[in-house]
Amino acid sequence: MSDSPTKSLQCLLNWCVLFQRSMAVVIRLQGLPIVAGTMDIRHFFSGLTIPDGGVHIVGGELVWIFHGMKTCWLVVHTLICGCVLKSTALSLSHDQMAACVSRVELSVSCRSLLDRDLGSRSDPLCVLLQDAGGGRWAELDRTEKIKNCQDPEFCKKLVVDYYFEKVQKLKFGVYDIDNKSFDLNDDDYLGGVECTLGQVVSSSVFTRALELKQGKPAGKGTITISAEEIKDTRVVYLEIEAQNLDKKDFLGKSDPFLEFYKQSDAGTWQLVYRSEVEYECIHPEKKQKKKHYKNSGIIRIKSCKIETEYSFLDYVMGGCQINFTVGVDFTASNGDPKSPDSLHYISPDGINEYLSAIWSVGSVVQDYDTDKLFPAFGFGAQVPPSWQVSHEFALNFNPSNPYCQGIQGIVDAYRQILPQIQLYGPTNFSPIINHVARFAAHSLQQGTAAQYFILLIITDGEITDLDQTRQAIVNASKLPMSIIIVGVGEADFKAMEFLDGDNGVLKSVTGEPAARDIVQFVPFRQFKNAPQEALSQMVLAEVPKQLVSYYKWQGCPPLKLPEIKAM
């Protein structure tokens, strides 16, 4: 089929309609590079339930086609209305999406449940639901029923897909089961709790009081949840050599390569490695034809090592804290905050692009910091009492303690400081990058995977200290640190895209290359009409890979080593 936007959109429309009938369908966009599997689509369309193996898209610059909507019917409606989904907020990248997803199993136990049965104790069961948007909850899994027990420890694990870059709201409900019906509406409710998956995986043990409804406790009942990633972290490294192989090329030597296959349960063959110490290359046809045939050469496994590769969840569950810092641009180019044309103008509904970015990114990261204290700074403004320009002032005007309590604390400090400062300039990034880098360097001295730092910079325009910022980023690339830059307004952000390093390794003015890619830049204008969570999904998708690659580079295992658990 053609790769034109119109036909691609029509193809998506056809897929949406077919999918609603639960049909398996393959979409092929010829000549375009991206390949997406079932898990990628499930991640992108977060409100949908897609059967494993049921839907595949092959090829396509999906940024031109897909838009992050909660249901297929919203996509269909958009297409019918003639909206062009060009330059939409979300792109679907096979490498990015697939690398960050993990499967987590949750172990659940309860204590002191309410007793709803006459003459015996309750027969509890726990159900897991996930927020599907619009006030709806979708069931993901449920445990077994345990008879006559007020302190159950459920054997069946609850399995859920995990994404760092999303706020995955969960609800655990405990019911007293008195019949064989699958429907829970006719069973007694013993209490429940709402939380995020991020809160669970970042806690060694997550315990909360059960509630019958918000603010009404379910007696003395509690629920305890622990998480474990489903994976096998062992990786096999083989060193192989070959000797005396048959010559297959007419005018030169052979170009040999070696393949190991294993047969799956479904009977298909999968390319893998196997670890025999030494074996001969037997050519079956030659063996039949030649009486004295021995082999076509010898292959030896010179070495075989089994090493552990740790995942992002290994580090988080092992005790690694993610420290979140915000830097806000208060240069005069933003406009007078009192004017509706200003990027710092707070609308009647209490929001602007700066606040939207803080909420979107902060709401995800806050679950991975136990004390919920986040330093927040401004740059590019004249501040009292001296009214000198500062590029590193605390939003709460307390330089010795710039920490705000939670994301709401950052928002409150931002709103309070706006009328107290004078927007000025220039736009310098390096001071605040160096500030966070000093804390990251201090944590590096501990020699453990204890702390990782994320700096969110929100800015409206071109950077003034580009050379100094390049050097600051190159220095920070050697530290446990990632930098997210969100550009607000309609300015030209070419310098930000240069710092992102997607078109090549970022280098300092002296030519020193960054040790790794730690900067992610996105313009906020691409997310104006997208759901609030779309921004965080884009800018945070690379963080797990950046964290893991850093600690692997440093040779740092998780503080608490995980137990090996196979799929």
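Throughout, residues of each chain are indexed from 1 in the direction in which the sequence is written. For a predicted model such as this one, the threshold for reporting local features is a pLDDT of at least 70, and the threshold for listing and counting side-chain atom pairs is 80 or more; totals across whole chains, interfaces and linings nevertheless cover every residue. Calculation of side-chain values draws on the structure's entire complement of heavy atoms; hydrogens and water are dropped beforehand.

## Remarks on the overall build of the chain
Rules: Every helix listed is a DSSP run of H or I at least four residues long, and every strand listed is a run of E at least two residues long, numbered separately from the N terminus. Residue burial is assigned from relative accessible area. The probe radius is 1.4 Å, only protein chains are included, and a residue is buried under 20% of its type maximum, exposed over 50%, and partly exposed in between. For the area figures, the Shrake-Rupley method with a 1.4 Å probe applies, and any residue is considered shielded solely by the protein chains shown.
Across its full length, the chain holds 14 helices and 26 strands. Burial status across the chain gives 48% buried among its 567 residues. Looking at the chain as shown, the accessible area adds up to about 28500 Å², and 51% of this sits on carbon and sulfur atoms.

## With respect to helix α9 (residues 406-417)
Just so we agree on the cut-off: In this scheme, a helix's expected span is set at 1.5 Å multiplied by one less than its residue total.
Over its 12 residues, α9 extends 17 Å from the first C-alpha to the last, a length consistent with the 16 Å expected when each residue adds 1.5 Å. Of the residues making up α9, those classed as buried are Gly406, Ile407, Gly409, Ile410, Val411, Ala413, Tyr414 and Ile417.

## Points about the side chain of Thr325
Selection rule: Any two residues having at least one pair of non-hydrogen atoms within 4.5 Å are treated as being in contact.
Structurally, Thr325 can be placed in strand β17 (residues 321-329). Relative accessible area serves as the criterion here: at 5%, Thr325 is assigned to the buried category. Excluding anything up to four places from it in sequence, Thr325 contacts Pro375, Phe377, Val436, Ile454, Leu455 and Leu456.

## Topic: the sheet that holds strand β20 (residues 388-390)
Just so we agree on the cut-off: Here a strand pair is declared whenever DSSP counts at least two bridges between the two strands.
The three strands are arranged β20-β19-β23 in an open sheet whose pairing can be described as antiparallel. At either end of the open sheet lies a strand with only one pairing partner, and these are β20 and β23 (422-423).

## Remarks on the confidence of the model for the chain
Stated precisely, the cut-off is as follows: What pLDDT conveys is the predictor's confidence in a given residue, as a value from 0 to 100.
Residues of the chain with pLDDT of at least 70 account for 69%, and the chain-wide mean is 78. In this model residues 44-100 is a low-confidence stretch, pLDDT under 50, and it forms 143 contacts with partners more than four residues away in sequence or in other chains.

## What to know about helix α14 (residues 543-554)
Helix length check: α14, at 12 residues, gives a terminal C-alpha distance of 17 Å against a target of 16 Å (1.5 Å per residue), a fit within 8%. Taken residue by residue, α14 has Val543, Pro544, Gln546, Leu547, Val548, Tyr550 and Tyr551 as its buried positions. Residue Gly555 follows α14 closely and has a positive phi angle near 70°.

## Considerations on the packing of helix α8 (residues 353-365) against α9
Threshold: Fitted lines through C-alpha atoms give the axes, limited to the stretch in contact for helices. The angle between two N-to-C directions lies from 0 to 180 degrees. In what follows, roughly perpendicular refers to angles from 65 to 115 degrees, roughly parallel to angles under 35, roughly antiparallel to angles over 145, and oblique to any angle outside these ranges. Crossings are sorted by hand: turned counterclockwise from the far helix by less than a right angle, the near helix makes the crossing left-handed, and turned clockwise it makes it right-handed.
Their axes nearest at 10 Å, the elements α8 and α9 cross at an angle of 165°. The pairing of α8 with α9 is recorded here as roughly antiparallel in orientation. In this structure, α8 crosses over α9, and the sense of that crossing is right-handed. Packed against α8, whose contacting residues are Tyr354, Leu355, Ile358, Trp359, Gly362 and Ser363, the element α9 presents Ile407, Gln408, Ile410, Val411, Tyr414 and Arg415 at the interface.

## What to know about the pattern of salt bridges
Our working rule: For this document, the term salt bridge refers to a Lys or Arg side-chain nitrogen within 4 Å of an Asp or Glu carboxyl oxygen.
All chains considered together, the criterion is met by 10 salt bridges. One salt bridge in this structure joins Lys528 and Glu353, with 3.6 Å as the shortest N-O distance. Here Lys528 is found in the loop between β26 (519-523) and α13 (532-540), whereas its partner Glu353 is found in helix α8, with 175 residues between them in sequence. For Glu353, a relative accessible area of 13% puts it in the buried group. For Glu490, the salt bridge identified is with Lys528, shortest N-O distance 3.4 Å.

## Some words on the environment of Ile146
Its location among the elements puts Ile146 in the loop between β6 (136-142) and β7 (158-162). Here Ile146 falls in the buried class, since its relative accessible area comes to 18%. Taking the C-alpha atoms as reference, Ile146 lies 9.3 Å from Asp176; in sequence the two are 30 residues apart. Discounting chain neighbours no more than four positions away, the residues touching Ile146 are Ser122, Asp123, Pro124, Pro152, Glu153 and Phe154.

## Here's the deal with the nonpolar core
Convention followed: What is meant by a nonpolar core is a set of buried Ala, Val, Leu, Ile, Met, Phe, Trp, Tyr and Cys residues, joined one to another through side-chain atoms within 4.5 Å.
Formed by 86 residues in total, the largest nonpolar core has its most connected members in Leu106, Phe172, Ile223, Phe324 and Phe330. Take this core: its biggest share by element is seven residues, from α8. Those residues in contact with Phe324 that sit more than four places away from it in its chain are Val361, Gly362, Val365, Asp369, Phe374, Pro375, Ile407, Ile410, Ile454 and Leu456. Of all hydrophobic cores here, the second largest spans 27 residues; its members include Ile433, Ile457, Met481 and Phe521.

## As for the packing of aromatic side chains
Convention followed: Within 6.5 Å between ring centres, the rings of Phe, Tyr and Trp (the latter by its six-membered ring) count as paired, and their orientation is classed by plane angle as stacked under 30 degrees, edge-to-face over 60, tilted in between. Two conditions define a charge located above a ring, namely a distance within 6 Å from the ring centre to NZ of Lys or CZ of Arg, and an angle within 35 degrees of the ring normal.
Enumeration according to the criterion identifies 15 aromatic pairs in this entry. For the ring pair Phe324 and Phe374, a centre distance of 5.9 Å and an interplane angle of 75° mean the geometry is edge-to-face. Of this pair, Phe324 sits in strand β17 while Phe374 is found in strand β18 (residues 373-379), placing the two residues 50 residues apart along the sequence. Note on accessibility: Phe324 and Phe374 belong to one class, buried. Site record: aromatic cluster; members linked through ring pairs are Tyr310, Tyr315, Tyr452, Tyr550, Tyr551 and Trp553. Geometry around Phe182 places Arg142 over its ring, the cationic atom sitting 3.6 Å from the centre. Above the face of the Tyr163 ring, Lys166 is positioned so that its terminal group lies 5.1 Å from the ring centre.

## Looking at the pairing of strand β4 (residues 102-111)
Successive side chains on a regular strand alternate, one facing one side of the sheet and the next facing the other. Across the 10 residues that make up β4, a large majority, seven, are buried. Sheet analysis places β4 next to β7, joined by five bridges and oriented antiparallel. Across the sheet, the residue bridging to Ser102 is Tyr162, located in β7. Relative to strand β11 (residues 216-229), β4 runs antiparallel, the two sharing eight bridges. Opposite Ser109, over in β11, you have Thr224 as the bridge partner.

## Description of the environment of Leu466
Mapped onto the elements, Leu466 comes out in helix α11 (residues 466-476). Taking the C-alpha atoms as reference points, Leu466 and Phe429, 37 residues apart in sequence, are found 8.0 Å from one another. Contact partners of Leu466, with chain neighbours within four places excluded, come to Phe498 and Leu499.

## Some points on the side chain of Thr331
Looking at where Thr331 falls in the secondary structure, it is placed in the loop between β17 and α8. The class for Thr331 is buried, based on a relative accessible area of 2%. Every residue in contact with Thr331, bar those within four places of it in the chain, is listed here: Phe379, Gly380, Leu423, Tyr424, Gly425, Pro426, Thr427 and Asp460.

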